[in-house]
Amino acid sequence: SLVFMDPPYTTHIEYSQDPRCIGKLDVFQDDAYFEAMDKVFAEARRVQGFMPAFEDAHESLAFIYVHKRMWKEAEIELARPGHSAAALGYAYARSGREPKARAIVAALENNPADPVAIARIHAALGDRDRAFFWLERACHEHVDHVAFIKVDPSWDGIRADKRFAAILRRIGLS
């Protein structure tokens, strides 16, 4: 079986003209976004029932938990073997556990396999300059995860910065 799990994104992309399209839901303005996240949550739990080792389902759940501020549940999902330290660092940063997030991001910077993940942690910590440094590096290295920055709500904290718009233009997403 092929399963693709992806949480709904915010208003930064239009998937269709259908008003029920979850691509039109704003995470900060619309309770319907969290209702859509609950549907993804239910689907991830269903997939876990017949594919318990499917890590994408666990990671999708973790990001839903983070965006719903369910920190303990997110940490449980991300503590499973096979999850990246970067995802846990992001959850720590979003939950206000700054020392733990900074320790993880420092370790990641010493072995920068995923500059997008490093940038995401810095953005969640409010370190805009470091976030843009790592986003620029990701663009320079053609890291595939850059393709999602326009729609991923993880970037909403730095989206209004003119450097974000410049990156979107440069990579053809504006």
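Here goes a summary of the coordinates provided. (Residues numbered from 1 in each chain as written. Predicted model: local features only at pLDDT ≥ 70, side-chain atom pairs only at ≥ 80, totals over all residues. Heavy atoms only, no water.)

## Focus: helix α3 (residues 71-78)
Just so we agree on the cut-off: Burial here depends on accessible area, computed with a 1.4 Å probe over protein chains only, as a share of the maximum for the residue type. Under 20% is buried, over 50% is exposed, and the range in between is partly exposed. Only DSSP runs of H or I reaching four residues or more are called helices, and only runs of E reaching two or more are called strands; each is numbered from the N terminus. Regarding the arc, it is the one traced by the directions from the helix axis to the C-beta atoms.
Among the residues making up α3, those that are buried are Ala74, Glu77 and Leu78. All buried residues of α3 fall inside an arc of 95 degrees around its axis, so they share one side. Projecting away from the buried face of α3 at angles above 90 degrees are the exposed residues Lys72 and Ile76.

## So, the pattern of salt bridges
If the charged atoms of two oppositely charged side chains come close together, the side chains can form a pair. We apply this condition: Here, a salt bridge means any side-chain nitrogen of Lys or Arg that lies within 4 Å of a carboxyl oxygen of Asp or Glu.
Taken as a whole and judged by the stated rule, the model has 11 salt bridges. The residue Arg170 makes a salt bridge to Glu136 at a minimum N-O spacing of 2.3 Å. Of this pair, Arg170 sits in helix α8 (residues 162-170) while Glu136 sits in helix α7 (residues 128-140); the two residues are 34 residues apart in sequence, bridging distant segments of the chain. On the basis of relative accessibility, which here comes to 49%, the residue Arg170 falls in the partly exposed class. Arg163 is paired through a salt bridge with Asp161; the nearest N and O atoms lie 2.9 Å apart. A residue is classified by how much of its surface remains accessible, and Arg163, at 28% relative accessible area, is partly exposed.

## Digging into the packing of aromatic side chains
Both the distance between ring centres and the angle between the ring planes are used here to describe each pair of aromatic rings. How we decide: Stacked, edge-to-face and tilted are the three classes for Phe, Tyr and Trp ring pairs, Trp counted by its six-membered ring, which pair at centre distances within 6.5 Å; planes under 30 degrees apart are stacked, over 60 edge-to-face, the rest tilted. Only lysine NZ and arginine CZ atoms are considered, and such an atom sits over a ring when it is within 6 Å of the ring centre and within 35 degrees of the ring normal.
Going through the model one piece at a time under the given rule, you end up with two aromatic pairs. Measuring from centroid to centroid gives 5.2 Å for Phe133 and Trp134, while their planes differ by 85 degrees, and the two rings are edge-to-face. In this structure Phe133 comes out as partly exposed when scored by relative accessible area, which is 42%. By relative accessible area, which is 3% here, Trp134 ends up buried. Looking at Arg120, its charged tip hangs above the ring of Tyr90, at a distance of 6.0 Å from the centre.

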